[in-house]
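So the chains spell out like this:
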Amino acid sequence: MNGTLNDQSMIYKQIMQLIEDGILNGEYHEDDQIPSTNELAHVFGINPATAGKGVNRLAEDGLLYKKRGIGMFVAPGATEALRQKRREEFVTQAMQTVLREAKRLGLTKAQLLALLAQKADEEGLQ
């Protein structure tokens, strides 16, 4: 598991984010086992209960499932469910911020779209 924790948000949410990122980045595939709460606690120097809270929330969201006595695994469909969740968050958070700032700057819709297309080209986005 790659990543670091910070003081910007609750630790269990950061654990959730790291696992979600691992799923989206292909580090964990459907039916792959994720690190145990004890492993997460050891790697990040946190309480196992805190790691467990993050893992359990992902299970409640249907992204992980438990094999009794073995551990937690990535649920079938988790990757696509996460993509959809992140798309919705992107539209409601990032896009709103961009649109508000564009309005404050007096950009027209055409100008904003042109800037977006230029940046997308620079990033190699199809």
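Above this text you will find the structure in question.
Worth saying up front: this structure is predicted, and the values here are computed from it rather than measured.

Calculation criteria
Residues numbered from 1 in each chain as written. Predicted model: local features only at pLDDT ≥ 70, side-chain atom pairs only at ≥ 80, totals over all residues. Heavy atoms only, no water. Salt bridge = Lys/Arg side-chain N within 4 Å of Asp/Glu carboxyl O. Helix = DSSP H or I, 4+ residues; strand = E, 2+ residues; numbered from the N terminus. Buried < 20%, exposed > 50% of the residue type's maximum accessible area, 1.4 Å probe, protein only. Core = buried A, V, L, I, M, F, W, Y, C linked by side-chain atoms within 4.5 Å. Contact = heavy atoms within 4.5 Å. 1 Å grid on protein atoms, 1.4 Å probe; cavity = no way out; pocket = protein on both sides within 12 Å on 5 of 7 lines; lining within 4 Å. Points joined across faces, edges and corners; volume = space filled by probe spheres on them. Nonpolar A, V, L, I, M, F, W, Y, C, P; charged D, E, K, R; others polar. Pairing = 2+ DSSP bridges.

**Student:** Before we move on, can you summarise the pattern of salt bridges with the specific residues and values?
**Tutor:** For the structure shown, the criterion picks out seven salt bridges. A salt bridge links Lys85 to Glu20, with the nearest nitrogen and oxygen atoms 2.6 Å apart. Taken together, the residues span a long stretch of sequence, with Lys85 in helix H4 (residues 78–105) and Glu20 in helix H1 (residues 11–24) at a distance of 65 residues. Among the residues examined, Lys85 registers a relative accessible area of 28% and is labelled partly exposed. For Glu20, a relative accessible area of 3% puts it in the buried group. Between Arg83 and Glu80 there is a salt bridge, with its nearest N and O atoms 3.7 Å apart. Residue Arg83 and its partner Glu80 are both found in helix H4; the two are separated by three residues, about one turn of the helix. One connected set of salt bridges, linked through shared partners, spans Glu20, Asp21, Lys85 and Arg86.

**Student:** How would you explain the nonpolar core if you had to name every residue and give the values?
**Tutor:** Counting 21 residues, the largest nonpolar core has Ile19, Ile23, Ile34, Leu40, Val55, Leu64 and Val74 as the members making the most contacts within it. Among the elements of the structure, H1, helix H2 (37–44), helix H3 (48–60), strand S2 (71–74) and H4 are those that each provide at least two residues to this core. Per element, the largest residue contribution to this core is six residues, and it comes from H1. Beyond its immediate sequence surroundings of up to four residues, Ile34 is in contact with Ile19, Tyr28, Val55, Leu64, Met72 and Val74.

**Student:** Kindly report on the layout of surface pockets, identifying the contributing residues and their values.
**Tutor:** As a volume, the largest pocket reaches approximately 300 Å³. Residue lining of the largest pocket: 13 residues in total, with Met95, Val98, Leu99, Leu112 and Leu116 positioned closest to the centre. Contributing elements (two or more residues each) for the lining of the largest pocket: H4 and helix H5 (109–122). Looking at the lining of the largest pocket residue by residue, the classes come out as ten nonpolar, one polar and two charged. For the second largest pocket, the calculated volume is near 160 Å³. As for the second largest pocket, its lining consists of Gln33, Ile34, Pro35, Ser36, Thr37, Gly52, Val55, Asn56, Lys66, Ile70, Gly71 and Met72.

**Student:** Requested: an account of the pairing of S2, with residues and values cited.
**Tutor:** Here strand S1 (residues 64–67) runs beside S2; their pairing, made up of four bridges, is antiparallel. Residue Lys66 lies in a different strand from S2, and its bridge partner there is Met72. Following S1, the chain reverses through three residues before pairing antiparallel with S2; Gly69 in that reversal takes a positive phi of roughly 80 degrees.

Any link to function would need more than the numbers given here.
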